[in-house]
Amino acid sequence: MENSAYSSDGFSSLRSSASGEDAAETPGAAADPSSPDSAPPQDPDRDAGYSNYGEGSEGHNGVPKLLDLLDEPVPGVGTYEDFNTIDWVREKSKDRDRHREITSKSRESLWALLKSVTDAFSGWLLMLLIGLMSGALAGGIDISAHWMTDLKEGLCLNGFWFNHEHCCWSSNETTFQARDRCPQWKSWAELIIGTGEGPFAYIVSYLMYVCWALLFSFLAVSLVRAFAPYACGSGIPEIKTILSGFIIRGYLGKWTLLIKTVTLVLAVSSGLSLGKEGPLVHVSCCCANIFCHLFSKYRKNEAKRREVLSAAAAVGVSVAFGAPIGGVLFSLEEVSYYFPLKTLWRSFSAALVAAFTLRSINPFGNSRLVLFYVEFHAPWHLLELVPFTLLGVFGGLWGAFFIRANIAWCRRRKSTRLGRYPVLEVVAVTAVTAVLAFPNDYTRISSSALISELFTDCGLLDSSKLCGYANGSAGAGGNALADRPAGKGLSIAVLQLSFALVFKMLLTVVTFGMKVPSGLFIPSMAVGAIAGRLLGVAMEQLAYYHHDWGVFSSWCSAGADCITPGLYAMVGAAACLGGVTRMTVSLVVIMFELTGGLEYIVPLMAAAMTSKWVADALGREGIYEAHIRLNGYPFLEPKDELSPETAARAVMRPRQGAGPLAVLTQAGMTVRDAEALVSSTSFSGFPVVVGPDSQRLVGFVLRRDLLISIENARQRQEGVTGSSPIFFTEYTPPQPPSSPAPLKLRGIMDLSPLTLSDHTPTDIVVDVFRKLGLRQCLVTHNGRLLGIITKKDILKHMAEMANRDPDSILFD
Amino acid sequence: MENSAYSSDGFSSLRSSASGEDAAETPGAAADPSSPDSAPPQDPDRDAGYSNYGEGSEGHNGVPKLLDLLDEPVPGVGTYEDFNTIDWVREKSKDRDRHREITSKSRESLWALLKSVTDAFSGWLLMLLIGLMSGALAGGIDISAHWMTDLKEGLCLNGFWFNHEHCCWSSNETTFQARDRCPQWKSWAELIIGTGEGPFAYIVSYLMYVCWALLFSFLAVSLVRAFAPYACGSGIPEIKTILSGFIIRGYLGKWTLLIKTVTLVLAVSSGLSLGKEGPLVHVSCCCANIFCHLFSKYRKNEAKRREVLSAAAAVGVSVAFGAPIGGVLFSLEEVSYYFPLKTLWRSFSAALVAAFTLRSINPFGNSRLVLFYVEFHAPWHLLELVPFTLLGVFGGLWGAFFIRANIAWCRRRKSTRLGRYPVLEVVAVTAVTAVLAFPNDYTRISSSALISELFTDCGLLDSSKLCGYANGSAGAGGNALADRPAGKGLSIAVLQLSFALVFKMLLTVVTFGMKVPSGLFIPSMAVGAIAGRLLGVAMEQLAYYHHDWGVFSSWCSAGADCITPGLYAMVGAAACLGGVTRMTVSLVVIMFELTGGLEYIVPLMAAAMTSKWVADALGREGIYEAHIRLNGYPFLEPKDELSPETAARAVMRPRQGAGPLAVLTQAGMTVRDAEALVSSTSFSGFPVVVGPDSQRLVGFVLRRDLLISIENARQRQEGVTGSSPIFFTEYTPPQPPSSPAPLKLRGIMDLSPLTLSDHTPTDIVVDVFRKLGLRQCLVTHNGRLLGIITKKDILKHMAEMANRDPDSILFD
Amino acid sequence: SKSFEDVRCKCICPPYRNISGHIYNRNVSQKDCNCLHVVEPMPVPGHDVEAYCLLCECKYEERSSNTIKVTIIIYLSVVGSLLLYMLFLLLVDPLIRKQDIYTQPLQNEEDTEDMRAPVEGLQVRGSTVLERVEGAQQRWKKQVQEQRKTVFDRHKMLS
Amino acid sequence: SKSFEDVRCKCICPPYRNISGHIYNRNVSQKDCNCLHVVEPMPVPGHDVEAYCLLCECKYEERSSNTIKVTIIIYLSVVGSLLLYMLFLLLVDPLIRKQDIYTQPLQNEEDTEDMRAPVEGLQVRGSTVLERVEGAQQRWKKQVQEQRKTVFDRHKMLS
């Protein structure tokens, strides 16, 4: 039997959800009868509304009559199980009914009017709260991570809570060359053996560095394992899936928020090759979900809540990069599924509020929102687009390689013994990272500090090794940095950077996907920035030694500063990030907000586009889609994939000739019949037809609703037994007085399930599912019911068409 | 009979379209058999594809058999008439089939592979072309309009083609006070009577000013009337409607482009209270449409073309404001209907290309893309949000007032005698404008120059009257502009600005909607900038005279420059523009790109949001929606309006009890029957049912396709007469040899029309129409066909629900 | 390629002590665009130069006078030819073909047989180039008339 | 409210002639944050001051050391309490209730009667506050266990 396709895999979790701790996280649990304050969902109104217009076609235009059963609504009807997909149409319809009721009531009394105004503004209030909270959390994370990263090096004697920079904040003992040294800051070697010089001190520092890194990562993975396993990973693939309508209970809960926030700091501080951007999106979404409980409008409606979550994703990126517009576009381009205009405005406001909260916290002490803010405004020449495009190609290649390697590694983790030792894995990777990272200056510092250094252009004021030009510090006065052959400092730096590039590339592959919170924006950008800076320095030296070449003579006149290696680093970072995530516009806008000028949009766009094209040519999916597919989440991609042309009948269940479809009839079945049908199959819904002979469709009933209603009626309604007839019709025919009481279930039936013809091309079916956010859809031929198509069927069909294993689609 | 609702109003235009001059503008005309080079549309493939899966449910799994008739496709089938709505589902399905065919062919030969690569990149090439062309046109318009505006004042002796500023470009005779005077530039008074001073010279200048203005506007309206009536107005409401799927032949044609470009310059130069931003969007869309002919992918597919047009709208705003990101967001927020991610990337690239083309043309000679670029970066205090919000309230009030007044005026023009004299109206309004504008310095200059002056903050370098502070030029040295009481110059300027405010407010109302190209971004911004500047000056003086007030003492310490009137002007401009158009995010981003700093995002957002809320409270629609409604275009707004709850059966035609639905049967009708049915009704499509007794739905046939096919068969197919039977079935039953040849029409039937249950709530029906872009949809009850819903029915129903006249919906 | 006239360095110097504000304008390269090179003669004694120059703001600007010239000339010629053509259509054309005017209003009524229009269109087209142009012009005129009716007379569109 | 330590004006002066680069750091107000006020002692003679100061770059920066202190202390205490709680759950809890561990695996099998779960949940809840907390903790623990199974054992989620 093929029919099991429409079974509910997540059914076993219903119990746990109904008694879950994070009860208020889903409307299903919110309707738990044990919590007296949670009002019943809006079903009675909705059903009353339906029955208002639900006369039969025979023209019974009688007065609307409420169904007996639904005078007291059954709790749980209209909710979802864990690991299931919501029905957007139903949710939006519910919200409209709720809104309608509030509006109609608001004319009655002043109190109701006030309530309706509050209701209208609750969305904005929610945005304000999310912005404030996310900004505050991001600020806290920045400060803590900065401090803990420096803790690996040493301690501040002024006050242990200061990091290295703030320890030397008001010190006058810093020198131009070693501008971060001050007597208040003691390295571990100085604290332990009393001196910071010599090989012994180096060994002590090395040991301490590794030990702290191991401690941090061990703590992180232990906390994740003990309190909130959902807090691991980047979170963006899951949030993408959730936004498309999937339900993962507890994924956005209080504990996840707490643990993710705490362990993110630990993970970042441990020096692992990971960033905090993806997890910050997850943190924002958790905040949003938690604040949603305050407003019944959002608590009870899965679709409305997803609008808020889309805005929260924008907030996450906004605080991660200090780029509110870029955040909104990221949410629009990369994460969101349903993004109405209202959400656009709201997410923009929330992103702004968050950015300004973060700015007022001022985590870096320089009124900037990120560590790597670009301050140069050097012009670029049109011919430089060639190296920028090359960087784009590099970014695309790196993106494709990274995705393949990381997916292969994650699959290995999933299927082999590797996956059984998550704690050991994290500790081992940390050990390797720390041991390899310490000797190299550019890997010892945190990735964002590295990016910051690479993005900075060399000026007179810089003392970085990267600016170690031969006549750099010869003090020629004026803007004398124009002619610059590489000095010894730069040569060493280039060598170190090359090692750092290889190091980052390899370690990021194994790090992303470990059981600690990990984002990959920063590592990807670091890889790109290193590559870009190297190319920039190479170009610069080329131009210096070959002034006379035709290509250079036009823009590199002697004495003019014609190539900006920092710009190359920026373009490289954009290219690599673009290759991995396949973002384009949002990436460019984020970079634009980092630089605050339109000058560099064209180089960035060229690199991002090239990178996307190259990466797309090597593998269609971005890293997030690849992880979604690896995990088998039910996610319908917006990209139109070109499959061979098939029609709806090829997708639907039951397959042709594979036995009849399990249906209910609108009259003539008893409770026992229905229960038998339900227990003999595992479908999560049943069509209701006119009669056993006529396959004409009347409506659709969900398994969960049916079971809950029958259960409830048996317990509470007098006279309902196994032999009671079930009616889905509007009017119950009069029953003989001796027979058991009839059970009227029209209220739980969806009177308007979407139907498609069996000739509908699959492309159109996919389009309809995506755009309307359907969960299932019925297939008819010439008006007769033929079968049913669920989201899972479509995903399986698409997997088959792409020659992948259709059983990789796990959830429904 | 209510049934006429589904009649085709635009039917009479079919003839004219088929023989139209702008033949290549629509696929309908492209399939004109008279043009031998136009390949037939993709229908044969599509139909072949359909019939592949189009076996009956009886299980005839035979080999796919091409229908006789469709071996040679009938030209015209699958196209649309003028003033009709496209079917997005059908168009997208057509495109997918085309794509599929190209992909499958590409494996066969190298040439086909090359073609498929070209096809894939044609979209990007198109974007490049649109960007280049739009940028070039915008540059030309800027230069010409600048020149012609100055022509009203005088002439350059260096070369008549220089405007005032460029005339004095290299002059050394300019002074600090009168920095625009130079001997090369002669005013008309100087040229005619030899002197520029004295009352007589003033009168001569006055007269020349008015005469030039009248001449320009007369030329503009005459050219519009003579060559391209569609070139008048702003164009954004129409483009919005076109993007939602409406067809207006010739609206985006070559002549419209030429005339709009030419007359836009004339209209702007005439000094009328109008801007060039809306028309630039129209110009870009015309470019896009014309370039679409170069690529068969876009020429033949209305849906694909609309994707390109969405990008073109972004390009238009990008060149109008030099704001590529803002343009993309404008297209997304305000104009577009269907905006997939691919379009996001493409429109961004196109907007960038256009902006850089414009920059390389450098129309203003200062490497800026707009006349009003903001260069100050003064900080603002949190308390200043109060006046900013007040500006938002003003903007909202002005927006609501403007929309009401303008709509009332336009309705008057539509219904009374006023509309009969378009030329006279334009000339009269120009006369009034010019006569009133000349005496006031701030209305004599062009609106964008005014905005530029108002946005500029007073510095030591300025000599504007607005900076006429009492000690301003007393030369205190240093940054001594901190303490500044108003001087005499400022008082006069404030008075003049107040008059200019009233002037602009009143004249914009009557100007927008005249029969010349007219945008309202610039006039709205001018109104807001004046109001904002006035408030800013008032605040400044308040702070100066009341240093000791608690509110000021915290941020206005003596000697500090605490209030920036230019910022107020900017915020006011944003607020007024927001009130009129109801943009929010795109507006803020445009302003952000004008200033290039994140500092002012919060004030701008506060003002834009307040303005939107206030304006929404006073009237739900923005100016573009109001004009769409006024003109009765079929546009389904994305906003969810809250109508009383009704079901599909209340919307559908025929109404209950209003006679049967006109249907075709799948077999058993003759050609004559079909022709009689078609001519006796005016529906533009007919459902096909199984038989006369069984109302079970088989498919849907469009009137136009049916007529064309029958006509074609009668002319070309042997033996088809009036008594030939028509078959919509897969297999034709064998006919007796003497009977007339059967006509097989399954090929033109849509086998998978969307059906909805009659119980479906209207909200969901509207959602389905909007999201899938349907043209019509069939209503069933328990599997039986009941009626049909068209887009027009929905719009009429919505109008009824909102207590408006449903007959205001004119087009289908 | 840049002509001498197409670059300028403009320095605006505000009032300073008893020297009134002044604007200096010179054709120098971007490198030399600073107060010291452009402000000539220097109005202040040597030791005050630095203070004075700090107040001045110098901007380097480029334009292309050829672009301006070409744009304006193209624009004027386009407007001119459009005007001529309009006058031709208004004055000369009606004299040449009087009969067309009378047949046209009739055509607008006969909307019933639309389906044959494409086929007719095929036959109407002449074979010589002149006739084709003629035909195209006729069709275009009809379309404009249709538009004019929609916009100006029936007020169905564009408010 | 700003403490003396929380503002600084940092001037970075690059090497100039034979003077090596230097960094100056002073607590002055934003107004006074310029080379003349911060660079002390001035390493160059009077007539060179202007040239030297043009090369220096001064930045005014603010921070809130209280925010930093509070953040770090809160963070450390949260981590500390989480660690303690984890240790408690790992070491102490199993000793207290041994029987619970054996019943738990059984419950995961009985998935058929889900519908009664909410009703049961109602009765399980005790009346005293302690029992309620207990119940909540039990439910939470079950949920975490479920999550742990999904993520770590079955590898169904989060790769």
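Per an unreviewed UniProt entry, chain A is named Chloride channel protein, and its organism is Megalops atlanticus. Under the Sequence similarities (unreviewed entry) heading, UniProt states for chain A: "Belongs to the chloride channel (TC 2.A.49) family."

(A) Up close: the overall build of chain C. Scanning chain C for helices and strands turns up six helices and three strands. Pairs at least 24 residues apart make up 55% of the contacts formed inside chain C by residues separated by at least 6 positions. A total of about 9,600 Å² of accessible surface is found on chain C, and carbon and sulfur atoms cover 59% of it.

(B) A look at the pattern of salt bridges. Under the definition given, this model contains 62 salt bridges over all chains. A salt bridge links A:Glu621 to A:Arg629, with the nearest nitrogen and oxygen atoms 2.7 Å apart. In this structure A:Arg629 comes out as partly exposed when scored by relative accessible area, which is 25%. Here C:Arg63 makes a salt bridge to C:Asp6, at a shortest N to O gap of 3.5 Å. Of this pair, C:Arg63 sits in the loop between strand S3 (57-62) and helix H3 (65-96) while C:Asp6 sits in the segment before strand S1 (7-13), and the two are 57 residues apart along the sequence. Accessibility expressed as a relative area gives 6% for C:Arg63, which makes it buried. When its relative accessible area of 5% is taken as the criterion, C:Asp6 is described as buried.

(C) Region of interest: the relation of the copies chain A and chain B. When chain A is brought onto chain B, the operation consists of a screw motion whose angular component is 180° and whose axial shift is 0.1 Å, with 0.1 Å RMSD remaining. Both copies of the chain, as the preceding transformation shows, are related through a two-fold rotation axis. Among all residues of chain A, the minimum C-alpha distance to the rotation axis is found for A:Gly783, at 2.3 Å. Both copies present the same face, since 100% of the interface residues in chain A are matched by interface residues at the equivalent positions in chain B.

(D) Summary view of the nonpolar core. By size, the foremost hydrophobic cluster in this structure holds 418 residues, and its most contacted members are A:Phe227, A:Phe455 and B:Phe455. Setting aside residues no more than four positions away along its own chain, B:Phe455 makes contact with B:Phe372, B:Val374, B:Phe376, B:Met525, B:Ala529, B:Arg533, B:Gly566, B:Ala569, B:Met570 and B:Ala573.

(E) Quick look at the pairing of S1(C). Residue and element names in this part refer to chain C. Taking burial as the measure, the seven residues of S1 include six buried ones, the bulk of the element. Both S1 and strand S2 (residues 22-26) contribute to a ladder of five bridges, which runs antiparallel. Considered in S2, the bridge of Cys-11 is made with Tyr-24.

(F) Quick peek at the interface of chain A and chain D. With 75 residues of chain A at the contact, the number on the chain D side is 61 residues. Linking D:Arg8 and A:Glu165 is a salt bridge whose minimum nitrogen-to-oxygen distance equals 3.9 Å. Inspection of the region where chain A meets chain D yields nine residue pairs in polar contact (both at pLDDT 80 or more). The set of elements that each furnish at least two residues to the side of chain A that touches chain D consists of helix H1 (14-18), helix H5 (110-151), helix H6 (164-167), helix H8 (198-227), helix H10 (254-269), helix H16 (385-415), helix H26 (623-631) and helix H29 (703-716) of chain A. Tallied by class, the residues present in the side of chain A that touches chain D amount to 41 nonpolar, 21 polar and 13 charged.

(G) Structural context of the UniProt feature "transmembrane region" (unreviewed entry) in chain A. Residues and elements named next belong to chain A. UniProt records the feature "transmembrane region" (unreviewed entry) for residues 121-141, 206-231, 308-332, 382-401, 421-438, 492-514 and 520-539 in the present numbering. Strand forms 0% of residues 206-231 and helix 85%; the C-alpha atoms that close the span are 30 Å apart. A helix fraction of 92% and a strand fraction of 0% characterise residues 308-332, whose end C-alpha atoms lie 13 Å from each other.

(H) Representation of the packing of aromatic side chains within the structure. Counting across every chain of the model gives 67 aromatic pairs over all chains. Relative to B:Phe246, the ring of B:Phe83 has its centre 6.2 Å away and its plane inclined at 40°; by these criteria the two rings are tilted. Taken together, the residues B:Phe83 in the loop between helix H3 (43-53) and helix H4 (88-106) and B:Phe246 in the loop between helix H9 (236-243) and helix H10 (254-269) connect sequence positions 163 residues apart. For the residue pair B:Phe83 and B:Phe246, the accessibility class agrees, reading buried in each case. Among the aromatic side chains, those forming a connected cluster through ring pairs are A:Phe227, A:Trp255, D:Tyr85, D:Phe88 and D:Trp140. The ring of A:Phe438 has A:Arg444 sitting right over it, with the charged end atom 4.1 Å from the ring centre. Over the ring of A:Tyr337 we find A:Arg770, and its NZ or CZ is 4.6 Å from the ring centre.

(I) Region of the structure containing the sheet that holds S3(C). Residue and element names in this part refer to chain C. An order of S2-S1-S3 is seen for the three strands of this open sheet, with the pairing classed as antiparallel. The open sheet has two free edges, formed respectively by S2 and S3, since each of these has just one partner strand. Geometrically, the sheet is characterised by an average inter-axis angle of 20° between neighbouring strands, direction not taken into account. Bridge count for S1 against S3 is six bridges, and the pairing is antiparallel.

(J) Focus on the sheet that holds strand S3 (residues 664-665) of chain B. Residues and elements named next belong to chain B. Judged by pairing direction, the sheet is mixed, and its three strands sit side by side in the order S3-S5-S6 without closing on themselves. Looking at strand neighbours, the two that pair on one side only are S3 and strand S6 (697-702), the edges of this open sheet. Of the strand pairs in this sheet, strand S5 (residues 685-689) and S6 are connected by five bridges, and their pairing is antiparallel. When the bridges of S6 are listed, Val-688 appears paired with Gly-699. Of the strands in this sheet, S3, S5 and S6 are in contact with helix H29 (residues 703-716), which crosses S6 at around 75°.

(K) Structural context of the state of the cysteines. All names here are of chain A. Applying the stated criterion across every chain yields a total of 10 disulfides over all chains. Paired through a disulfide, Cys-156 and Cys-167 show a sulfur-sulfur distance of 2.0 Å. Residues Cys-156 and Cys-167 share a disulfide whose torsion about the S-S bond is about 85°; that sign makes it right-handed. Here Cys-156, found in strand S1 (residues 154-156), pairs with Cys-167, found in helix H6; they are 11 residues apart in sequence, far enough to count as distant. Using a relative accessible area of 2% as the deciding quantity, one classes Cys-167 as buried. Free of any disulfide, Cys-286 has its nearest cysteine sulfur in Cys-287, 7.0 Å distant. Left unpaired, Cys-410 is separated from the closest cysteine sulfur, that of Cys-232, by 11 Å. A residue is classified by how much of its surface remains accessible, and Cys-410, at 0% relative accessible area, is buried.

(L) Seen up close, unusual backbone geometry. All names here are of chain A. Residue Pro-654 is reached from Arg-653 by a cis peptide bond, and omega for that bond is -10°. Within the element layout of this structure, Pro-654 appears in the loop between helix H27 (648-651) and strand S3 (664-665). Non-glycine residue Asn-362 carries a positive phi angle of around 55°. Assignment of secondary structure puts Asn-362 in the loop between helix H15 (341-361) and H16. A residue is classified by how much of its surface remains accessible, and Asn-362, at 15% relative accessible area, is buried.

(M) Structural view of the packing of helix H16 (residues 385-415) of chain B against helix H21 (residues 521-545) of chain B. Residues and elements named next belong to chain B. Put simply, H16 and H21 touch, their axes get as near as 11 Å, and they point 150° apart. Like other packed secondary-structure pairs, H16 and H21 cross with a definite hand, here right-handed. Residues Pro-387, Leu-391, Phe-394 and Trp-398 of H16 lie in contact with H21, whose contacting residues are Ser-524, Val-527, Ala-531, Gly-532, Leu-535 and Met-539. Taken together, the residues of the contact of H16 with H21 sort by class into eight nonpolar, two polar and no charged.

(N) Highlighting the interface of chain A and chain B. Each partner contributes residues to the interface: chain A has 77 residues there, and chain B has 77 residues. In total, chain A and chain B occlude about 7,400 Å² of area from one another, counting both sides; carbon and sulfur atoms represent 65% of this. For the pair chain A and chain B, the number of links is six salt bridges. In this structure, A:Asp767 engages B:Lys92 in a salt bridge whose closest nitrogen and oxygen atoms are separated by 3.7 Å.

(O) The arrangement of the UniProt feature "domain: CBS" (unreviewed entry) in chain A in detail. In the numbering used here, UniProt assigns the "domain: CBS" (unreviewed entry) feature to residues 652-718 and 749-806 of chain A. Along residues 749-806 of chain A one finds 38% helix and 28% strand; the C-alpha atoms at either end are 31 Å apart.

(P) Region of the structure containing helix H3 (residues 65-96) of chain D. A rise of 1.5 Å per residue sets the reference length of H3(D), with its 32 residues, at 46 Å; its end C-alpha atoms lie 44 Å apart and thus fit the reference within 8%. Taking the largest bend as the criterion, H3(D) deviates by roughly 40°, centred on D:Leu89. Among all positions in H3(D), only D:Ser65, D:Ile68, D:Thr71, D:Ile72, D:Tyr75, D:Val79, D:Leu82, D:Met86, D:Leu89 and D:Asp93 are buried. If you follow the buried residues of H3(D), they end up packed against H5, H6, H8 and H10 of chain A together with helix H6 (129-153) of chain D.

Definitions and cut-offs
Residues numbered from 1 in each chain as written. Chains lettered and ligands numbered in written order. Predicted model: local features only at pLDDT ≥ 70, side-chain atom pairs only at ≥ 80, totals over all residues. Heavy atoms only, no water. UniProt positions renumbered as here; feature names shortened; annotations may be inferred. Helix = DSSP H or I, 4+ residues; strand = E, 2+ residues; numbered from the N terminus. Contact = heavy atoms within 4.5 Å. Areas by Shrake-Rupley, 256 points an atom, 1.4 Å probe, with all protein chains shown as cover. Salt bridge = Lys/Arg side-chain N within 4 Å of Asp/Glu carboxyl O. Buried < 20%, exposed > 50% of the residue type's maximum accessible area, 1.4 Å probe, protein only. Least-squares fit on C-alpha atoms with pLDDT ≥ 70 in both. Core = buried A, V, L, I, M, F, W, Y, C linked by side-chain atoms within 4.5 Å. Pairing = 2+ DSSP bridges. Polar contact = N/O pair within 3.5 Å; in protein donor to acceptor, adjacent residues only side chain to side chain. Nonpolar A, V, L, I, M, F, W, Y, C, P; charged D, E, K, R; others polar. Phe/Tyr/Trp six-rings, centres within 6.5 Å; stacked < 30°, edge-to-face > 60°. Lys NZ or Arg CZ within 6 Å of the ring centre and 35° of its normal. Axes fitted to C-alpha atoms, helices over the stretch in contact; angles between N-to-C directions. Disulfide = S-S within 2.5 Å. Left-handed = near helix turned anticlockwise from the far one by under 90°. Buried area = accessible area lost by both parts, 1.4 Å probe. Expected span 1.5 Å × (residues − 1). Bend = angle between axes of the 7 residues up to and from the residue.

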